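In case you want the letters, here they are:
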Amino acid sequence: MIVAVDGPTASGKGTIARALGAHFGLPVLDTGLLYRAVGYQTQLDHGDPDDADDALAACDFPDSLFDDPALRYESTGSLASRVSIHPAVRRALFQRQVDFANQPGGAVLDGRDIGTVIAPHADAKLFVTATPEERARRRHAEMLGRGVGVTYDAVLADIYARDARDTGRVDAPLRRAADALLLDNTALDRDAGIAAAIAFVEGKVGKRG
Ligand code: C5P
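**Focus: the overall build of the protein chain**
Helix and strand counts for the protein chain stand at nine helices and five strands. Written out in order from the N terminus, the α and β elements of the protein chain read β-α-β-α-α-α-α-β-α-β-α-α-β-α. What you see for the protein chain is a C-alpha radius of gyration of 17 Å, in line with the 17 Å of a compact globule of 209 residues. A principal-axis box enclosing the C-alpha atoms of the protein chain has dimensions of 50 × 40 × 30 Å. The buried share among the 209 residues of the protein chain stands at 50%. Across the protein chain, the fraction of contacts at a sequence separation of at least 24, relative to all contacts at a separation of at least 6, is 78%. Surface summary for the protein chain: the accessible area is close to 9,600 Å², and the carbon and sulfur share equals 55%.

Spelled out as C-alpha cells, the structure:
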C-alpha cells in the first residue's frame, strides 16, 4: 500500500510518516530531503538557488550528501523551498519519488505534492497541518533544545515565508488532495496525532502490520 503524507513546514508530517512506516512495516521517504540536497548542492557549487539552470545542475548531487548534517539546518530548508519552485528541478526529482512509491509492498512518502502529483493513486492520503503560530512554537522549542539561538519571531517569519512559497508556486503547489484526510494537530500532542493517522490508514486499507 502507498501512503501519502503532505503538509506545510513544521506541521509534524515527518513524525507521522515515520510512525506510519514503523506501524505498517513500510519504507519511508522524506522527499523534503531531496529538495534540501539540491538546495545545499547549489550553495556548494556557488550557484544561485533562484536560477533554474544552477538549481538543475545541482540535481546531480552525490548520495553521500544525505549524510551531511547541514541538510537539516533551517537555512537549508529555505534553500530547498527556493530551488523547489523550478519545474525543471521537480521533473528531475520526479522519477526517483515515483519509483520509491511504487516499489513492491508499498511505501510511505512525506512532502508537499505526494497525494497530488507523485502518488495520486495512493491508498491513503493525509494532509497534516497546524496553525503557523503552533508550528513556530514547536520548531522554536526544538531549535532551542538543540542549542540553536533564534527568536520565536524569526522562526514564525520563516514559516510564513516558506508557506507562501510552497503554496504560491505554479508547479505542484502545496495543497490538500480532495481525498486526503485533513489532520489538524494544533491541539493534539505527538501520540494523539500518530494515533489519529494510524486509525485513518487502518480505516482505509484494513488492519495490517
Ligand atoms: O519538508 P521539508 O521542510 O524538508 O522541505 C523543504 C522544502 O522542500 C519545502 O519548503 C518545499 O519547498 C520543498 N519540497 C517540495 N516538495 C516536496 C518536499 C519538499 O517542494 N515533496
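So much for the structure itself; the text now carries on.
**Considerations on the environment of Lys-204**
Secondary-structure assignment places Lys-204 in helix H9 (residues 190-205). Its relative accessible area of 45% is what places Lys-204 among the partly exposed residues. Separated by 79 residues in the primary sequence, Lys-204 and Lys-125 place their C-alpha atoms 9.4 Å from one another.

**Quick word on the sheet that holds strand S5 (residues 181-184)**
Spatial ordering of the open sheet is given by S2-S3-S1-S4-S5, a layout of five strands whose pairing is parallel. Strands at the two margins of the open sheet, each flanked by one partner only, are strand S2 (28-30) and S5. Direction aside, the axes of adjacent strands within the sheet are offset by 20 degrees on average. Examined bridge by bridge, strand S1 (residues 2-6) and strand S3 (residues 107-111) share five bridges and lie parallel to one another. Residue pairing in the sheet places Ile-2 in a bridge with Ala-107 of S3. Most of the contacts of helix H1 (residues 13-24) go to S3, to which it runs at about 180 degrees, and overall it touches S1, S2, S3, strand S4 (124-129) and S5.

Procedures and definitions
Residues numbered from 1 in each chain as written. Predicted model: local features only at pLDDT ≥ 70, side-chain atom pairs only at ≥ 80, totals over all residues. Heavy atoms only, no water. Helix = DSSP H or I, 4+ residues; strand = E, 2+ residues; numbered from the N terminus. Rg over C-alpha atoms; globule rule 2.2 N^0.38 Å. Buried < 20%, exposed > 50% of the residue type's maximum accessible area, 1.4 Å probe, protein only. Contact = heavy atoms within 4.5 Å. Areas by Shrake-Rupley, 256 points an atom, 1.4 Å probe, with all protein chains shown as cover. Pairing = 2+ DSSP bridges. Axes fitted to C-alpha atoms, helices over the stretch in contact; angles between N-to-C directions.

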